[in-house]
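A structural walkthrough
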Amino acid sequence: MDTLQDIVRNLFLPLAVVLYRLDGSKMVWVVVGVLLLLVLIGFIAYLKYIHFTFYLDQEKQEFVIQKGVITKNKITIQLDKIQQVNINQSLIQKLVGVYSVDIDTAGSNKKEVSIRAVDNALALHLKQQLLSNEKTMLSTTITEEEAVKPFLNIRLSTLFKVGITSNYGRSIALILGFIGSLYGSFQEVTQTIEVDEEQVTGIVNQGINYFSFSFFLLLILVLVLLINLVRTLVKYYGYQMTFQKGAIAIQHGLFAKKNTLLKPLKVQLTIVRQNFFQRKLRLFDVHLKQAAATNEVEEEGKKSSEIEIPGCQPDEKEIILRQLGLSNEPVLKTFLPNYRYLIKAILLGIILPVIITLLVALYIYSPLHAYLPWLGLYVAFVMIIVYFRFKNYRLLVNNDLIMIKKNAWDVQFQLLEAYKIQGITTQQYFWHQSADLVHLTFHTAAGDVGFHFANYSELKPWINYWLYLAERSQQNWM
Amino acid sequence: MRQEHFTNEPISFEHLPQVEAVSFQTIPKQYLNIVYINNALLTVILGMLLMLFTFFNEWIRAQMLVFGSVLFLFIGLLFWMSFIGYRKKGYAVREKDILFRHGIISTTTTIIPFNRIQHVAIHEGFFSRMYDLSELQIYTAGGSSSDLHIPGLPKEEAEQIKTYLLNQISSQTFKTPEIEFMEESIPEELVPDESSTTQEAASTDDETV
């Protein structure tokens, strides 16, 4: 299956080009070649299939996978190192009635082990076995699963709301990427097929002239909303969250069913997000981050070990957080950033860009003069953002939780259990010494979380306390 | 709740060991020599580049004085920065964690608890070996930003610290309390009853797909 997909994907484009270039007389050879290729693929796939075995070593608590036709591969995973098991079903797999099981461990950002084509009962069985590392837990039957009532069900209307209120940035990036790749492939096509390029560009230019700029913007806006909506609906249709024997099970997806099971202990960082619209609708967006090989917490893309819960109500959010072991004790201390935060933000976000633009307009590129009034708009816009960022930026702490609130639009809380930190870094610039300021960074297994421009003297006892929590703790941090 | 003997007495911050009271140990003087050797090498390379340019480029030959002084200033700054960077470097090994301080225009202090260390390595550079110095590298699960690289330690001391750290790591016995903790917090109606029929364990049959 896999082999076929790979080869088809790699060969498709050249093949298409060859087909286009060839005349009819050589067609027979192409057909024969394709048939031969298919047979070869089938043979390789069969060999791969019969050499792929896996089993569970109950005594050593290990999961062993053997694969490889010529070079033999044996992968052994200790059960307690597994942090997430995914059961996915793509459209093709749905037709055949099989699932793929992905096993995720810490330390690598790609899925370490993937078992394709398992039937339903086996998939569920595997999932249960792999994530229950207590021996007594192995005795439960699969049928129980259906009896457990899901505690979180995201309704279609909620998904609709989520779709139109969130992830604008991601969709815009998607559109830009799409346009970019469309343009790229368009050029490729014109080059390979040798279409009269000038003619086509002429048509395109004319097309652009028909649309006015504002209409184009409106179109983009509608497109963003539409893509968001469709993406959210397809991805999260039928979102269900269940607690099963100490683990959280999540399933969602319209076409490709995704089924995830994770242990709450493995969650290193919880992010609760809410933008302005979502606040009005009383919806939260919760992200669970697990140990990953990336540095930056906010890095998008490498999402293999991130779980998203789109759109949950305040009470549901509370249950999830409680289930993760995040206490809801009252906040003991709130740290606010120093006013120098504003100085830095204004310096970097307003003064520097404005000066550069002015210099460029005056000395290098004079046509820019016409656009200078827009600079006022830019300054106002950045001012508003900086103000809200500053207003929202704070560090909240209680006995065992560290909370960082940040951002202007997508206001997020980064929640982190203090005993799970990997280390603490403080950074102090010499011009901050007299002001008693420090930049604080918590290193977690899911990435770094920082709070800048904090009062050092007030922070010191808390740093000692967090270290005390981490060093005293006999619990596994994952 | 999370541990069998869980206590939760209020902790007074004054009685906690204080990070700010730690006195850092400095890096031996020879390390500065190594940094200077590296700087000198860079100086030689840059100087040679400038020489080459003055030979082959008319314009640069005319501006020789400007380029020369810029290079001189740059080298001076480099040595000065290296010295400050050396003076700022310091480390401290406490009972349960290790601290490293460094930086030039800022002072960065990183603290890594022993029980978060994944592995420890010792790296010896070419020049370091001449002075019998080595770099202690401490890795955590927190990614490269939280890894400690303490340079310029005398080789024996680095080995000693490494052994000490490894002993500390291996002596820790972890319990796995997560399951009991979870079951307590699940609402009762959601907990499936445990007295269900036992099933044959799956390990015995090698499942082939």
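Fair warning: this is a prediction, and the values are worked out from it, not measured in the lab.

1. What about the overall build of chain A?
Assigned secondary structure in chain A consists of 14 helices and 20 strands. Residues counted as buried form 26% of the 478 residues belonging to chain A. In chain A, of all internal contacts separated by at least 6 residues, the share reaching a separation of at least 24 is 58%.

2. Description of the overall build of chain B
The helix and strand inventory of chain B stands at 6 helices and 8 strands. In chain B, the succession of α and β elements from N to C terminus is β-α-α-α-β-β-β-β-α-β-β-α-α-β. Counting across all 209 residues of chain B, residues that qualify as buried make up 18%. Put simply, 51% of the contacts in chain B that link residues at least 6 apart link residues at least 24 apart.

3. Observations regarding the confidence of the model for chain B
Across chain B, the average pLDDT comes to 77, with 76% of residues at 70 or higher. Reported confidences for the modelled complex are a pTM of 0.72 and an ipTM of 0.73.

4. Focus: the confidence of the model for chain A
Residues and elements named next belong to chain A. When pLDDT is averaged along chain A, the result is 77, and 78% of the positions lie at 70 or above. Confidence over residues 134–147 falls short of pLDDT 50; this stretch has 22 contacts with residues more than four positions distant or in other chains. Contacts for the low-pLDDT stretch residues 294–304, under 50 throughout, to residues beyond four places or in other chains number 24 contacts.

5. Looking at the sheet that holds strand E15 (residues 394–397) of chain A
All names here are of chain A. Pairing is antiparallel in the open sheet, where 7 strands are placed in the order E13-E12-E11-E17-E16-E15-E14. A single partner strand is all that each edge strand has here, and the edge strands are strand E13 (306–312) and strand E14 (333–335). Ignoring strand direction, the axes of neighbouring strands in this sheet form an average angle of 20°. Two elements, strand E11 (residues 267–274) and strand E17 (residues 411–417), share 5 bridges in a ladder whose sense is antiparallel. Of the residues in E17, the one forming a bridge with Thr270 is Leu415.

6. Some details on helix H2 (residues 27–50) of chain A
Spanning 24 residues, H2 of chain A covers 35 Å between terminal C-alpha atoms, matching the ideal 34 Å at 1.5 Å per step. Burial analysis of H2 of chain A places just 0 of its 24 residues in the buried class, which makes it a mostly uncovered element.

7. A word on the nonpolar core
Residues and elements named next belong to chain A. The biggest cluster of nonpolar side chains holds 85 residues, and the ones touching the most others in it are Val101, Ile248, Val286, Ile424, Ala454 and Trp466. If you tally residues by element for this core, the top one is helix H14 (residues 456–472), at 6 residues. When residues of this core are sorted by domain, at least three fall in each of domain 2 (53–154 + 238–259) and domain 4 (263–337 + 393–472). Residues in contact with Trp466, not counting those within four places in the same chain, are Ala418, Ile421 and Ile424.

8. Here we look at the environment of Gly68 of chain A
Residue and element names in this part refer to chain A. Locating Gly68 in the fold gives a position in the loop between strand E2 (62–67) and strand E3 (73–78). Residues Gly68 and Thr53, 15 residues apart in the sequence, show an inter-C-alpha distance of 9.8 Å. Dropping the residues within four chain positions of it, Gly68 is found in contact with His51 and Asn73.

9. A look at the pairing of strand E6 (residues 133–140) of chain B
Consecutive side chains of a regular strand alternate in pointing toward one face of the sheet and then the other. Residue and element names in this part refer to chain B. As judged from the 6 bridges shared by strand E5 (residues 117–123) and E6, these two strands associate in the antiparallel manner. By the bridge assignment, Ile117 is partnered in E6 with Thr140. Of the pairings in the sheet, the one linking E6 to strand E7 (residues 148–154) comprises 5 bridges and is antiparallel in character. Following the sheet pairing, Leu136 is matched in E7 by Ile150.

10. Concerning unusual backbone geometry
You will see that Arg282 of chain A, though not glycine, has its phi angle at about 55°, which is positive. Residue position: Arg282 of chain A is located in the loop between helix H10 (276–281) and strand E12 (284–290). Its identity as a non-glycine residue notwithstanding, Asp132 of chain B has a phi of 60°, on the positive side. The residue Asp132 of chain B is located in the loop between helix H4 (126–130) and E6 in this model. By C-beta crowding, Asp132 of chain B is classed as exposed, having 12 other C-beta atoms within 10 Å.

11. A few points about the sheet that holds strand E19 (residues 437–444) of chain A
A sheet is described by the order of its strands in space; here 7 strands give the open sequence E20(A)-E19(A)-E18(A)-E4(B)-E3(B)-E2(B)-E1(B), paired in antiparallel fashion. Edge strands, defined here as strands with exactly one partner in the open sheet, are strand E20 (447–455) of chain A together with strand E1 (25–26) of chain B. Running at roughly 150° to E20 of chain A, H14 of chain A makes contact with strand E18 (423–429), E19 and E20 of chain A together with strand E3 (97–102) and strand E4 (106–113) of chain B of the sheet.

12. Some thoughts on the packing of helix H1 (residues 29–56) of chain B against helix H3 (residues 64–88) of chain B
Pairs of packed helices are described in terms of their axes, by the angle between the two and the distance that separates them. Residue and element names in this part refer to chain B. Contact geometry of H1 with H3 gives a least axis separation of 10 Å together with a crossing angle of 170°. Comparing the axis directions of H1 and H3 gives the class roughly antiparallel. The handedness of the crossing between H1 and H3 is right-handed. Residues Tyr31, Leu32, Val35, Tyr36, Asn39, Thr43, Leu46, Gly47, Leu50 and Thr54 of H1 form the contact with H3, whose own contacting residues are Met64, Phe67, Leu71, Ile75, Leu78, Phe79, Ser82 and Tyr86.

13. Quick word on the packing of helix H12 (residues 340–364) of chain A against helix H13 (residues 374–392) of chain A
Residues and elements named next belong to chain A. For the pair H12 and H13, interaxial distance at closest approach is 10 Å and the crossing angle is 165°. Taken as axis vectors, H12 and H13 run roughly antiparallel relative to one another. The element H12 and its partner H13 pack so that their crossing is right-handed. Residues Tyr341, Leu342, Ala345, Ile346, Gly349, Ile350, Val354 and Thr357 of H12 lie in contact with H13, whose contacting residues are Leu375, Val379, Val382, Val386, Arg389 and Phe390. Split into classes, the residues belonging to the contact of H12 with H13 amount to 11 nonpolar, 2 polar and 1 charged.

14. Concerning the environment of Val85 of chain A
Within the fold, Val85 of chain A resides in strand E4 (residues 82–89). Its 24 C-beta neighbours within 10 Å are what place Val85 of chain A among the buried residues.

15. Looking at the pairing of E18 of chain A
Relative to E19 of chain A, E18 of chain A is paired through 5 bridges, and the arrangement is antiparallel. In the strand pairing of E19 of chain A, Thr426 of chain A is matched with Leu440 of chain A. Relative to E4 of chain B, E18 of chain A runs antiparallel, the two sharing 6 bridges. Counterpart to Gln428 of chain A in the pairing with E4 of chain B is Thr107 of chain B.

16. Some thoughts on the environment of Gln290 of chain A
Residue and element names in this part refer to chain A. In this fold, Gln290 is placed in strand E12. Judged by the 22 C-beta atoms lying within 10 Å of it, Gln290 is buried. A sequence separation of 35 residues divides Gln290 from Gly325, and the C-alpha atoms of the two residues are 15 Å apart.

Definitions and cut-offs
- Residues numbered from 1 in each chain as written.
- Chains lettered and ligands numbered in written order.
- Predicted model: local features only at pLDDT ≥ 70, side-chain atom pairs only at ≥ 80, totals over all residues.
- Helix = DSSP H or I, 4+ residues; strand = E, 2+ residues; numbered from the N terminus.
- Buried ≥ 20, exposed ≤ 12 C-beta atoms within 10 Å, placed from the backbone.
- Contact = placed C-beta atoms within 7 Å.
- pLDDT = per-residue confidence, 0-100.
- Pairing = 2+ DSSP bridges.
- Axes fitted to C-alpha atoms, helices over the stretch in contact; angles between N-to-C directions.
- Expected span 1.5 Å × (residues − 1).
- Core = buried A, V, L, I, M, F, W, Y, C linked by C-beta atoms within 7 Å.
- Domains from an automatic or database assignment.
- Parallel < 35°, antiparallel > 145°, perpendicular 65-115°, else oblique.
- Left-handed = near helix turned anticlockwise from the far one by under 90°.
- Nonpolar A, V, L, I, M, F, W, Y, C, P; charged D, E, K, R; others polar.

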